[in-house]
Amino acid sequence: MHYVKIHIGDLRAGTCNMSRQKRWLYIDMILEYYDKESPLPLDIEILCDSIGADVETERAAVESVLRTKFIKCEDGFHNLRCDKEIAEYRKNASQNRVNGMSGGRPKKPIGFPSGYERDTIRSEEHTSELQSH
């Protein structure tokens, strides 16, 4: 994913009970999830290295956040909100590919619409002026 919407109210509501350290690590974990478009790795060392959690207190905070905000599965730590956003992103990207292969969005007309002639309108106006006199 190249960008992600951050729902400030949801983020605040979901992290109001966290310390600043855990909140920032959580945000880093979410951004890693979106960047890779896949669950976080099961190997805590790899995860901590990828988000820059290099001191013991940060690593303990990462494990705490994983327990409360992620679901451990066979393929990694999942976050339901991230999974939903990634699925929507992929759906839109797929539709955009289909549209692109069929020529993309229709081109907007430039200038006068087809069949529209300036001279035709002028001559019609001129003809109606002559007939009224």
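Everything below is about the structure printed above this text.
If you're wondering where the values come from, they're calculated on a predicted model, not measured in any experiment. (Residues numbered from 1 in each chain as written. Predicted model: local features only at pLDDT ≥ 70, side-chain atom pairs only at ≥ 80, totals over all residues. Heavy atoms only, no water.)

A. The arrangement of helix H4 (residues 56-69) in detail. End to end, H4 covers 20 Å across 14 residues, agreeing with the expected 20 Å (1.5 Å per residue, within 8%). Among the residues of H4, those classed as buried are Glu58, Arg59, Ala61, Val62, Ser64, Val65 and Leu66. Buried residues along H4 sit in contact with helix H2 (20-36), helix H3 (44-51) and strand S2 (76-78). (Helix = DSSP H or I, 4+ residues; strand = E, 2+ residues; numbered from the N terminus. Expected span 1.5 Å × (residues − 1). Buried < 20%, exposed > 50% of the residue type's maximum accessible area, 1.4 Å probe, protein only. Contact = heavy atoms within 4.5 Å.)

B. A look at the packing of aromatic side chains. In the structure shown here, the tally under the stated rule is 2 aromatic pairs. Judged by centre distance (6.1 Å) and plane angle (70°), the ring pair of Tyr26 and Phe70 falls under edge-to-face. One end of the pair, Tyr26, is in helix H2; the other, Phe70, is in the loop between H4 and strand S1 (71-73), and 44 residues separate them in sequence. Here the aromatic cluster, defined as three or more aromatic residues joined through ring pairs, consists of Tyr26, Tyr33 and Phe70. (Phe/Tyr/Trp six-rings, centres within 6.5 Å; stacked < 30°, edge-to-face > 60°.)

C. Looking closely at the pattern of salt bridges. Applying the stated criterion across every chain yields a total of 6 salt bridges. Close ionic contact of Arg90 with Glu37 constitutes a salt bridge, the shortest N to O distance being 3.3 Å. One end of the pair, Arg90, is in helix H5 (residues 80-101); the other, Glu37, is in the loop between H2 and H3, with 53 residues separating them in the sequence. Accessibility expressed as a relative area gives 45% for Arg90, which makes it partly exposed. The partner of Arg59 in a salt bridge is Asp49, with the nearest N and O atoms 3.4 Å apart. Of this pair, Arg59 sits in helix H4 while Asp49 sits in helix H3, placing them 10 residues apart in sequence. Residue Asp49 is classed as exposed on the basis of its relative accessible area of 55%. Through salt bridges with shared partners, a single network forms among Asp10, Arg81 and Glu85. (Salt bridge = Lys/Arg side-chain N within 4 Å of Asp/Glu carboxyl O.)

D. Molecular detail of H3. All buried positions along H3 are accounted for by Leu47, Cys48 and Ile51. Taken around the axis of H3, the buried residues stretch over an arc of 95°, which confines them to a single face. Close packing links the buried residues of H3 with H2 and H4. For H3, the N-terminal capping position is held by Asp43, with its side-chain oxygen 2.9 Å away from the main-chain nitrogen of Glu45. One or two steps after H3, the chain reaches Gly52, where phi turns positive at roughly 80°. (Arc of directions from axis to C-beta. Polar contact = N/O pair within 3.5 Å; in protein donor to acceptor, adjacent residues only side chain to side chain.)

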